[in-house]
Amino acid sequence: MARKPNPYRRPAAFTRAAKARGFPARSVFKLEEIDKRTRLLRQGMSVLDLGAAPGSWSMYVSGKVGGHGKVLAIDLVHIPGALGANVRVVQGDALALDAEVIAGEAPYDVVLSDMAPSTTGTRDLDQARSFELFIGALASAERHLAVGGSFVGKIFMSGEFPKAKEAVRRLFEEVRAIRPEGVRSNSFELFIVGLRRRAPAAEPSP
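Let me begin by describing the structure that accompanies this report. Position numbers for residues count from 1 along each chain, tracking the sequence in the order it is written. Restriction of local features to residues with pLDDT of at least 70 applies here, the model being predicted, together with a cutoff of 80 or more for giving and counting side-chain atom pairs; totals for whole chains, interfaces and linings are based on all residues. Based on all heavy atoms of the structure, the side-chain values leave hydrogens and waters out of the count.

### A closer look at the overall build of the chain
Which entries qualify depends on this criterion: For helices the rule is a DSSP run of H or I covering at least 4 residues; for strands it is a run of E covering at least 2, with both sets numbered from the N terminus onward. Between buried and exposed lies partly exposed: a residue is buried under 20% and exposed over 50% of the maximum accessible area for its type, with that area taken using a 1.4 Å probe on protein chains only. Contacts are residue-level and defined by heavy atoms, with any inter-residue pair within 4.5 Å sufficient. For the area figures, the Shrake-Rupley method with a 1.4 Å probe applies, and any residue is considered shielded solely by the protein chains shown.
Secondary structure assignment for the chain yields 5 helices and 7 strands. Starting at the N terminus, the α and β elements of the chain follow one another as α-α-β-α-β-β-β-α-β-α-β-β. For the chain, buried positions account for 50% of its 206 residues. Sequence separation of 24 or more characterises 62% of the internal contacts of the chain that already satisfy a separation of 6 or more. For the chain, the accessible surface area stands at approximately 10,700 Å², while carbon and sulfur atoms represent 52% of it.

### Overview of the packing of helix α2 (residues 28-38) against helix α3 (residues 56-65)
Convention followed: Every axis in this analysis is a line fitted to C-alpha atoms, fitted for helices over the stretch in contact. Angles between the N-to-C directions lie between 0 and 180 degrees. To sort the angles, those under 35 degrees are grouped as roughly parallel, those over 145 as roughly antiparallel, those from 65 to 115 as roughly perpendicular, and the leftovers as oblique. Note: crossing handedness is left-handed where the near helix turns anticlockwise from the far helix by less than a right angle, and right-handed where it turns clockwise. Here the term charged refers only to Asp, Glu, Lys and Arg, the term nonpolar to Ala, Val, Leu, Ile, Met, Phe, Trp, Tyr, Cys and Pro, and the term polar to all other amino acids, Gly among them.
Orientation of α2 relative to α3, taken along the N-to-C sense of each, is 40 degrees, at an axis distance of 8 Å. On the basis of their axis angle, the class for α2 and α3 is oblique. The element α2 and its partner α3 pack so that their crossing is right-handed. Note on element contacts: α3 touches α2 through S56, W57, Y60, V61 and K64, opposite V28, L31, E32 and D35. Looking at the contact of α2 with α3 residue by residue, the class counts come to 5 nonpolar, 1 polar and 3 charged.

### Brief notes about the sheet that holds strand β4 (residues 108-113)
Note the threshold: Strand pairing is defined by DSSP finding a minimum of two bridges between the two strands.
As summarised here, the arrangement of the 7 strands in space is β3-β2-β1-β4-β5-β7-β6, forming an open sheet in which the pairing is mixed. Every interior strand has two partners, whereas the edge strands, β3 (87-91) and β6 (172-178), have only one. Taking the axes of each pair of neighbouring strands and ignoring which way they run, one obtains an average angle of 15 degrees across the sheet. Two elements, strand β2 (residues 70-75) and β3, share 5 bridges in a ladder whose sense is parallel. Of the residues in β3, the one forming a bridge with L72 is R88.

### Remarks on the packing of aromatic side chains
Any pair of aromatic rings gets described here by the distance separating the centres and the angle formed by the planes. What counts is decided by this rule: What counts as a ring pair is set by centres within 6.5 Å for rings of Phe, Tyr and Trp (its six-membered ring), and what kind of pair is set by the plane angle: stacked under 30 degrees, edge-to-face over 60, tilted for all other angles.
Evaluation of the coordinates by the stated rule reveals 4 aromatic pairs. Summarising the aromatic geometry, the rings of F151 and F172 are spaced 6.5 Å apart at their centres and angled 25 degrees between planes, so their arrangement reads as stacked. You can see F151 sitting in strand β5 (residues 145-156) and its partner F172 sitting in strand β6, a full 21 residues away along the chain. With relative accessibility at 0%, the residue F151 sits in the buried group. Ring centres 5.1 Å apart and planes at 70 degrees place the aromatic pair F156 and F188 in the edge-to-face group. Taken together, the residues F156 in strand β5 and F188 in the loop between β6 and β7 (189-197) connect sequence positions 32 residues apart. Under the relative-accessibility criterion, F156 is labelled buried at 8%. Given a relative accessible area of 24%, F188 falls into the partly exposed group. Members of the aromatic cluster, joined through ring pairs, are F134, F151 and F172.

### With respect to the pattern of salt bridges
The test is simple: By salt bridge we mean one thing: a side-chain nitrogen of Lys or Arg within 4 Å of a carboxyl oxygen of Asp or Glu.
Using the criterion set out here, one finds 12 salt bridges in the structure. The closest approach of N and O atoms between K154 and D114, which form a salt bridge, is 3.1 Å. In this pair, K154 is assigned in strand β5 and D114 in the loop between β4 and α4 (123-144), connecting sequence segments 40 residues apart. Take K154 and D114: they sit in the same class, and that class is buried. One network of salt bridges, with partners in common, ties together K30, D114, K154 and E189.

What follows is the structure, encoded as structure tokens:
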């Protein structure tokens with residue numbers, strides 16, 4: 001049977017559809033697709049959203065986890081507007097607020113990272129910085145994610161991709177690489193998803 005055309009395939013259509021649904025950016029459709037393909041989010045979950053601006057992901061998660069769930073949204077820039085009654089927004093460096101803010105609300109059922117570097121136009125440099133942000137987000141997930149929890153991290157495709165995927169595989173039972181349809185055709189971003197966090201190895205006895 002012929003596959004129905006996606007009405008949101010064109011970038012402008014994604015943007016209009018996001019605005020029509022009350023989301024500040026088209027990026028919501030990336031998370032929505034990941035959620036549908038992996039059954040990521042459920043009612044009552046605690047979620048950490050790293051690099052949350054302009055807020056579409058946190059707004060989407062707020063509705064999915066409901067009144068008994070909670071979302072901690074962190075970004076360097078101010079996020080205007082209400083993202084949901086169950087969303088706490090913190091402005092600051094997501095990777096520097098680890099002990100001060102993030103640990104206080106741990107453990108989390110899901111850790112999300114849509115973080116990306118300010119691009120320079122030099123592809124190798126942008127890819128290297130993206131890899132660093134991805135590994136930083138994964139380290140936060142390793143510290144604060146509950147056993148059985150999940151991780152979603154954005155990364156720019158590069159020669160470091162296998163290393164990033166292997167780092168996720170070390171922590172999770174299942175690893176998937178997903179490039180949602182909402183990603184612009186000229187972008188080299190994709191998302192690595194880790195499902196079902198393994199229990200940490202027991203510390204050796206002294």
